[in-house]
Amino acid sequence: NAGVMQNPRHLVRRRGQEARLRCSPMKGHSHVYWYRQLPEEGLKFMVYLQKENIIDESGMPKERFSAEFPKEGPSILRIQQVVRGDSAAYFCASSLGTANQPQHFGDGTRLSIL
Amino acid sequence: AQSVTQPDIHITVSEGASLELRCNYSYGATPYLFWYVQSPGQGLQLLLKYFSGDTLVQGIKGFEAEFKRSQSSFNLRKPSVHWSDAAEYFCAVALFSGGYNKLIFGAGTRLAVHP
């Protein structure tokens, strides 16, 4: 499967725990985007990364959320000290990087907070 | 501010009937527009995109969309709906900044298909 791979597909955490969501972009793609979809809503942009750099994090909550895209390995979205309101589907997308290239989405990680 | 409006939250059609899903956008420059489809528990699949040129664009699965600048619209159409088209459909506009784009999505339209 040469598509965007996200894992885990489902993640359950208790309040106060940490959640780590992983995203491997399509082969050849060096640009990664994270979006969040709250129940019954559309997707909202969170952060855009290139290898080893955060380019735009204007959609990230100011606290508890962080993202990285290391030189080797997948992109990671980390949520510390999770709260009930973090329950959502988190989608990763990747692109070739030029502005007119479409983004290709993974199947998402459904995060549930007990 | 840039935004995308999908006025219809739910639409129900009969199998074989025609379909039109509405999308209006607010964007200062020439927009790049997209339609994505999301099946339950799945990610988003790109149906079609408009960047420039012919305002009627063809996509996968028999879908097409027409860009109308005067109406700030990019409506999705299909002449004959199949039961497998039941899903949620999202319209999006690309917001450009510094050589990359981030997508602004509408709230989605959930399509149900009656046999």
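The coordinates are above.
Residues numbered from 1 in each chain as written. Chains lettered and ligands numbered in written order. Predicted model: local features only at pLDDT ≥ 70, side-chain atom pairs only at ≥ 80, totals over all residues. Heavy atoms only, no water.

Colleague: Teacher, can you tell me more about the overall build of chain B here?
Modeller: What chain B contains, in helices and strands, is 0 helices and 12 strands. Shown N-terminal to C-terminal, the secondary structure of chain B runs as helices and strands in the order β-β-β-β-β-β-β-β-β-β-β-β. For the C-alpha atoms alone, the extent of chain B along its principal axes is close to 45 × 30 × 25 Å. Relative to its full complement of 115 residues, chain B shows a buried share of 48%. Counting only contacts in chain B whose residues sit at least 6 apart along the sequence, the fraction spanning at least 24 positions is 52%. Working note: accessible area of chain B is about 5300 Å², and carbon and sulfur atoms make up 50% of it. Charged side chains in chain B number 9 positive and 8 negative. The centres of these two groups are separated by 7 Å. (Helix = DSSP H or I, 4+ residues; strand = E, 2+ residues; numbered from the N terminus. Buried < 20%, exposed > 50% of the residue type's maximum accessible area, 1.4 Å probe, protein only. Contact = heavy atoms within 4.5 Å. Areas by Shrake-Rupley, 256 points an atom, 1.4 Å probe, with all protein chains shown as cover. Lys, Arg positive; Asp, Glu negative; His and termini not counted. Charge placed at Lys NZ, Arg CZ, Asp CG, Glu CD.)

Colleague: Quick question: what am I supposed to make of the overall build of chain A here?
Modeller: Looking only at helices and strands, chain A features 0 helices and 11 strands. In sequence order, chain A lays out its α and β elements as β-β-β-β-β-β-β-β-β-β-β. Computed over its C-alpha atoms, the radius of gyration of chain A comes to 13 Å, within 12% of the 13 Å expected for a compact globule of 114 residues. Expressed along its principal axes, the backbone C-alpha trace of chain A runs to roughly 40 × 25 × 25 Å. In chain A, which comprises 114 residues, the share counted as buried stands at 44%. Taking all contacts inside chain A whose residues are at least 6 apart in sequence as the whole, residues at least 24 apart take part in 51%. Of the charged side chains in chain A, 16 are positive and 11 negative; the average position of the first set lies 6 Å away from that of the second. (Rg over C-alpha atoms; globule rule 2.2 N^0.38 Å.)

Colleague: Teacher, can you tell me more about the interface of chain A and chain B here?
Modeller: Reports of interface size often rely on the accessible area that becomes lost once the parts have come together. The interface is formed by 25 residues belonging to chain A together with 22 residues belonging to chain B. Counting the contacts that link chain A with chain B gives 1 salt bridge. Close ionic contact of Lys102 of chain B with Asp56 of chain A constitutes a salt bridge, the shortest N to O distance being 2.8 Å. Along the contact surface separating chain A from chain B lie 10 residue pairs in polar contact (both at pLDDT 80 or more). Those elements that place two or more of their residues in the side of chain A that touches chain B are β4 (31–37), β5 (43–50) and β6 (53–56) of chain A. Here the residues of the side of chain A that touches chain B sort into 10 nonpolar, 9 polar and 6 charged. (Salt bridge = Lys/Arg side-chain N within 4 Å of Asp/Glu carboxyl O. Polar contact = N/O pair within 3.5 Å; in protein donor to acceptor, adjacent residues only side chain to side chain. Nonpolar A, V, L, I, M, F, W, Y, C, P; charged D, E, K, R; others polar.)

Colleague: Even after reading the chapter, I still don't get the pairing of strand β2 (residues 10–14) of chain B, so can you show me in this structure?
Modeller: For a regular strand, the rule is simple: side chains alternate between the two faces of the sheet. All names here are of chain B. Every second residue of β2 is oriented toward a common face, the buried set being Ile11 and Val13 and the non-buried set His10, Thr12 and Ser14. As paired strands, β2 and strand β12 (residues 109–114) are joined by 5 bridges and run parallel to one another. Bridge pairing in β12 places Val13 opposite Val113. (Pairing = 2+ DSSP bridges.)

Colleague: Before we go on, may I ask you to explain the state of the cysteines in this structure?
Modeller: By definition, a disulfide links two cysteine residues through a covalent bond between their sulfur atoms. Residue and element names in this part refer to chain B. A full pass over the atoms with the stated rule returns 2 disulfides over all chains. Across the disulfide, Cys23 is cross-linked to Cys91 (sulfur-sulfur distance 2.0 Å). Because the torsion about its S-S bond is -65°, the bridge between Cys23 and Cys91 counts as left-handed. Of this pair, Cys23 sits in the loop between β3 (19–21) and β4 (24–26) while Cys91 sits in strand β10 (residues 87–97), and the two are 68 residues apart along the sequence. (Disulfide = S-S within 2.5 Å.)

Colleague: In this structure, what is going on with the sheet that holds strand β3 (residues 19–24) of chain A? I would like to understand it.
Modeller: By definition, the strands of a sheet pair up through backbone hydrogen bonds, in either a parallel or an antiparallel sense. All names here are of chain A. Spatially, 4 strands are ordered β1-β3-β8-β7 in an open sheet, and the strand pairing comes out antiparallel. Single-partner strands in this sheet number two, and they are β1 (5–7) and β7 (65–68). Strand-to-strand twist of the sheet, defined as the mean angle between neighbouring strand axes without regard to direction, takes the value 15°. (Axes fitted to C-alpha atoms, helices over the stretch in contact; angles between N-to-C directions.)

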